[in-house]
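Listed below, chain by chain, are the residues.
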Amino acid sequence: MQQNNPFDNAMQQLGKAHAVLASSKKKIKNIDQKVAVLKEPQRIVNVTLPVTMDNGEQKIFQGYRVQFNNARGPYKGGIRYHHNVSLDEVKALSFWMAMKCAVADLPLGGGKGGIIVDPKALSQGELERLSRAYGKAIADLIGPDTDVPAPDVNTNGVIMGWMVDEYVSAQKKKAKLFGTTLSAKNAKRLKGTFTGKAIADGGSEGREEATGLGGLFVLQAIIKKLKLSGTLTAAVQGFGNVGYNVAKFLDEAGIRVVAVSDSKGGIYVPEGINPALTLECKKKNGYLAGCYCSGSVCDLKKGKQLTNDALLELPVDILVPAALENAITGKNAARIKAKVVLEMANGPTTPEADTVLYKKGIPVIPDILSNSGGVTVSAFEWEQNLKGQHWTKAQVNKKLAGKMASAAEAVWQASVTHKTDLRTAAFVVALERILASME
Ligand code: NAD
């Protein structure tokens with residue numbers, strides 16, 4: 001077995017929740033047969049993407065779309081561009097999406113996509129041609145009522161825009177082939193096939209920061225239950241869309257973010273970083289080192305460099321892994337000193353690490369709950385596109401706050417009822433809802 005294979009980890013999490021439900025008083029009919037269906041995706045799509053590079057040569061890229069389960073609604077999940085993308089990773093992420101949508105009580109199933117590529121090595125033109133090739137390759141399998149992709153690591157609204165364009169063009173071509181035309185109204189509705197789009201392209205207000213803001217709402221609900229109060233400190237691993245936004249919202253909520261990092265390393269600023277200034281400095285320099293920005297100034301005397309490993313082991317109240325899978329493993333879990341872990345990345349803690357943290361009394365607020373704000377606002381975007389509406393940011397954020405509070409409460413109550421850790425509780429909540437839709 002590959003070490004820390006994300007799909008093996010995901011199946012261990014499913015197994016734990018299955019065992020809890022199977023031994024609970026409330027009996028679920030045919031539970032074993034139904035859970036067996038959730039051990040493999042319903043459909044795996046393998047795509048081969050020929051792309052003309054700027055030098056005129058053709059390069060072939062490999063991509064995937066995994067449609068895990070649609071018992072509760074259309075498959076939903078992002079598309080990742082990364083050199084380490086693998087089928088098992090996409091399978092795991094699509095499974096987690098099915099669980100996440102169920103925890104947030106959205107009428108959606110789980111899917112995920114990925115391309116094996118280092119996007120930083122591509123020019124803008126090459127990135128566009130690759131994205132369009134992927135959009136075209138999966139066009140027959142997706143749709144607002146079928147499968148609704150979105151951005152994930154290294155993808156964004158611009159990339160979604162190219163894919164939507166390819167998807168709508170493919171539908172227009174198909175209509176022509178059958179002697180019909182696609183009405184403007186229908187073409188607009190079809191934009192609901194992708195979420196995380198730019199606002200001008202039918203995107204939702206508040207989508208870009210939704211994962212971070214949702215994380216704050218979940219954290220606030222859980223720390224109330226844990227009775228953690230006073231001035232809290234946090235360390236955030238990852239400074240991309242999710243890491244930056246969660247740092248910004250924690251800071252705005254009065255939580256002192258003393259450390260952040262990206263793939264090149266981290267920074268430690270004891271006074272607490274100013275996330276917006278730090279991002280500006282990082283953009284200017286190309287790296288975080290030296291961006292010791294606190295209050296309204298960046299000053300080399302205010303902080304120091306930090307490795308990613310050291311960041312995870314800081315004595316902070318809240319540790320926020322917001323980069324990639326397997327950040328907290330059996331190797332470093334014993335050295336974690338935080339009082340609570342808020343998982344903003346997908347799959348950042350391995351099952352082995354979960355056991356260690358549980359024994360140490362460090363609650364882990366699981367990814368399928370903490371980062372479900374992103375897919376929740378994606379679901380709002382989809383709903384707005386289907387209804388031809390555009391909601392204000394205040395409307396979006398109010399609905400998000402309500403959804404996150406309900407999800408956190410359901411997970412907390414399940415952890416009390418079943419006397420389990422929060423992750424198992426979240427999987428139990430999700431599994432019960434999915435199994436009920438499989439009747
Ligand atoms: P992103 O590409 O915007 O950012 C990723 C960040 O992680 C970058 O700052 C990168 O430098 C950093 N990173 C990569 N490897 C690292 C390492 N070894 N140590 C420290 N930092 C490292 O991606 P994102 O959208 O912010 O996604 C981050 C995580 O959140 C992923 O696990 C993703 O699946 C998850 N997620 C994203 C969303 C969303 O709405 N974007 C929603 C839910 C979950």
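Above this text is the structure in question.
This one's a predicted model, so the numbers in the text were calculated from it and none came from an experiment.

**Description of the sheet that holds strand β8 (residues 265-268)**
Step number 1: Read from one edge of the open sheet, seven strands run β11-β8-β7-β6-β12-β13-β14, paired in mixed fashion. Two strands bound the open sheet, and with one partner strand each, they are β11 (304-306) and β14 (364-365).
Step number 2: As judged from the five bridges shared by strand β6 (residues 233-237) and strand β7 (residues 256-262), these two strands associate in the parallel manner. Counterpart to Gln237 in the pairing with β7 is Ser261.

**Structural notes on the packing of helix α3 (residues 87-103) against helix α15 (residues 422-437)**
Step number 1: At a minimum axis separation of 8 Å, α3 and α15 run at an interaxial angle of 85°. Here α3 lies roughly perpendicular to α15, going by the angle between them. Side by side, α3 and α15 meet where Phe95, Trp96, Ala98, Met99, Ala102 and Val103 of the first sit next to Ala426, Phe427, Ala430, Leu431, Arg433 and Ile434 of the second.
Step number 2: The class makeup of the residues in the contact of α3 with α15 is 11 nonpolar, no polar and one charged.

**Some details on unusual backbone geometry**
Step number 1: If you check the backbone angles, Asn154 has positive phi at about 65° while not being a glycine.
Step number 2: Relative to the helices and strands, Asn154 resides in the loop between β5 (147-151) and α5 (157-177).
Step number 3: The exposure class of Asn154 is partly exposed, given its relative accessible area of 33%.
Step number 4: At Lys419, a residue that is not glycine, the phi angle is positive and equals roughly 50°.
Step number 5: Among the structural elements, Lys419 can be located in the loop between α14 (393-417) and α15.

**Focus: the site of the ligand**
Step number 1: In the neighbourhood of the ligand, 23 residues make up the surrounding shell, with Arg80, Asp152, Thr211, Val242 and Asn346 lying closest.
Step number 2: Residue Arg80 places a side-chain N or O atom 2.9 Å away from an oxygen atom belonging to the ligand.
Step number 3: Residue Asn346 places a side-chain N or O atom 2.8 Å away from an oxygen atom belonging to the ligand.
Step number 4: In the complex, the protein chains occlude 83% of the 830 Å² of accessible area that the ligand would expose alone.
Step number 5: Listing elements by their share of the shell around the ligand, those giving two or more residues are α7 (207-226), α8 (241-252) and β7.
Step number 6: A class-by-class count of the residues in the shell around the ligand yields eight nonpolar, 11 polar and four charged.

**Re the side chain of Asn346**
Step number 1: Within the secondary structure, Asn346 is located in the loop between β13 (340-342) and α11 (351-360).
Step number 2: Under the relative-accessibility criterion, Asn346 is labelled buried at 9%.
Step number 3: Polar side-chain contacts of Asn346 include one of 2.8 Å to the side chain of Lys100.
Step number 4: Within polar-contact distance, the side chain of Asn346 engages the side chain of Asn371 at 3.1 Å.
Step number 5: Beyond its immediate sequence surroundings of up to four residues, Asn346 is in contact with Leu93, Trp96, Lys100, Lys112, Asp152, Leu324, Glu325, Asp367 and Asn371.

**Thoughts on the pattern of salt bridges**
Side chains that differ in charge, positive against negative, can pair when their charged atoms come close.
Step number 1: Applying the stated criterion to the full structure yields 27 salt bridges.
Step number 2: Across the salt bridge formed by Asp147 and Arg65, the nearest N and O atoms sit 2.7 Å from each other. Of this pair, Asp147 sits in strand β5 while Arg65 sits in strand β2 (residues 58-69), and the two are 82 residues apart along the sequence.
Step number 3: Taking the shortest distance from any N to any O, the salt bridge between Glu381 and Lys197 comes out at 2.8 Å. Residue Glu381 is found in helix α13 (residues 372-387), and its partner Lys197 is found in the loop between α6 (184-190) and α7; the two are separated by 184 residues along the sequence.

**Some thoughts on the nonpolar core**
Step number 1: By size, the foremost hydrophobic cluster in this structure holds 76 residues, and its most contacted members are Met99 and Leu250.
Step number 2: The element that contributes the greatest number of residues to this core is α15, accounting for 10 residues.
Step number 3: Ranked by size, the runner-up nonpolar core spans 29 residues in total, among them Tyr134, Ala139, Leu141 and Tyr167.

Rules and cut-offs
Residues numbered from 1 in each chain as written. Predicted model: local features only at pLDDT ≥ 70, side-chain atom pairs only at ≥ 80, totals over all residues. Heavy atoms only, no water. Pairing = 2+ DSSP bridges. Helix = DSSP H or I, 4+ residues; strand = E, 2+ residues; numbered from the N terminus. Axes fitted to C-alpha atoms, helices over the stretch in contact; angles between N-to-C directions. Parallel < 35°, antiparallel > 145°, perpendicular 65-115°, else oblique. Contact = heavy atoms within 4.5 Å. Nonpolar A, V, L, I, M, F, W, Y, C, P; charged D, E, K, R; others polar. Buried < 20%, exposed > 50% of the residue type's maximum accessible area, 1.4 Å probe, protein only. Near = heavy atom within 4 Å. Polar contact = N/O pair within 3.5 Å; in protein donor to acceptor, adjacent residues only side chain to side chain. Areas by Shrake-Rupley, 256 points an atom, 1.4 Å probe, with all protein chains shown as cover. Salt bridge = Lys/Arg side-chain N within 4 Å of Asp/Glu carboxyl O. Core = buried A, V, L, I, M, F, W, Y, C linked by side-chain atoms within 4.5 Å.

Remember, this is a structural readout, not a statement about activity or role.
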